[in-house]
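Each chain, letter by letter, is given below.
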Amino acid sequence: MEVKAFELNDIVEMKKQHPCGTNAWKIIRLGADIRIKCEGCGHSVLIPRREFEKKMKKIIKKANEQ
Ligand SMILES: [Zn+2]
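Just so it is clear, the model here is predicted, and its values are computed rather than measured.

Definitions and limits used
Residues numbered from 1 in each chain as written. Predicted model: local features only at pLDDT ≥ 70, side-chain atom pairs only at ≥ 80, totals over all residues. Heavy atoms only, no water. Phe/Tyr/Trp six-rings, centres within 6.5 Å; stacked < 30°, edge-to-face > 60°. Helix = DSSP H or I, 4+ residues; strand = E, 2+ residues; numbered from the N terminus. Buried < 20%, exposed > 50% of the residue type's maximum accessible area, 1.4 Å probe, protein only. Donors = N, O, S within 2.8 Å, 3.2 Å for Na, K, Ca; no water. Tetrahedral: all angles 85-135°; square planar, octahedral: opposite > 155°, others 65-115°. Core = buried A, V, L, I, M, F, W, Y, C linked by side-chain atoms within 4.5 Å. Contact = heavy atoms within 4.5 Å. Salt bridge = Lys/Arg side-chain N within 4 Å of Asp/Glu carboxyl O.

Novice: Go over the packing of aromatic side chains, please, and point to the residues and values.
Specialist: The tally for this structure, following the rule as stated, stands at one aromatic pair. Taking 4.9 Å as the distance between ring centres and 70° as the angle between the ring planes, the aromatic pair formed by Phe6 and Phe52 counts as edge-to-face. Taken together, the residues Phe6 in the segment before strand S1 (11-14) and Phe52 in helix H1 (residues 49-55) connect sequence positions 46 residues apart. By relative accessible area, which is 11% here, Phe6 ends up buried. Relative accessible area serves as the criterion here: at 0%, Phe52 is assigned to the buried category.

This is the structure in structure tokens:
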């Protein structure tokens, strides 16, 4: 089963990659809306939590894992 429990500073992969060619986003704000920042170009977007959960594919790296 796929785990979709995400936390602040986790790196996630989205269903659609960013136009810059990177598909790794860091969660930099958690709330009713979620702000993620592209690890490739630093562009950040704010999306509603429900939409984020739909568009997020998987967690690449947990913030609390080394
Ligand atoms: Zn980018």
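There is more to say after this.
Novice: Describe the coordination of the zinc ion, listing the residues and the values that go with them.
Specialist: Taken together, the protein ligands of the zinc ion are His18 (ND1), Cys20 (SG), Cys38 (SG) and Cys41 (SG), with distances of 2.0 to 2.4 Å. Classification of the site at the zinc ion as tetrahedral follows from its four donor atoms and the range of 105 to 117° in their angles at the metal. Taken in chain order, the donor set of the zinc ion reads H-x1-C-x17-C-x2-C. With Cys20 in the loop between S1 and strand S2 (25-29) and Cys41 in the loop between strand S3 (33-38) and strand S4 (44-48), the pair connects residues that are 21 residues apart, well separated along the chain. Judged by relative accessible area, Cys20 falls into the partly exposed class, the value being 40%. You can call Cys41 partly exposed: its relative accessible area is 44%.

Novice: Give me the nonpolar core: which residues, what numbers.
Specialist: Listed in full, the twelve residues of the largest apolar core are Phe6, Val12, Met14, Trp25, Ile27, Ile34, Ile36, Cys38, Ile47, Phe52, Met56 and Ile59. Elements represented by at least two residues in this core include exactly S1, S2, S3 and strand S5 (56-61). Those residues within four positions of Met14 in sequence are excluded, and the remaining contacts are Asn23, Trp25, Ile36, Ile47, Phe52, Lys55, Met56 and Lys57.

Novice: With reference to specific residues and values, describe the pattern of salt bridges.
Specialist: Evaluation of the coordinates by the stated rule reveals five salt bridges. For Asp10, the salt bridge identified is with Lys62, shortest N-O distance 2.9 Å. Remark: Lys62 occurs in the segment after S5 and Asp10 occurs in the segment before S1; sequence separation between them is 52 residues. Across the pair Lys58 and Glu13 runs a salt bridge whose closest N-O atoms are separated by 3.9 Å. Note that Lys58 is positioned in strand S5 and Glu13 in strand S1, a separation of 45 residues in sequence. Ionic contacts of the salt-bridge type, sharing partners, join the residues Glu7, Asp10 and Lys62 into one network.

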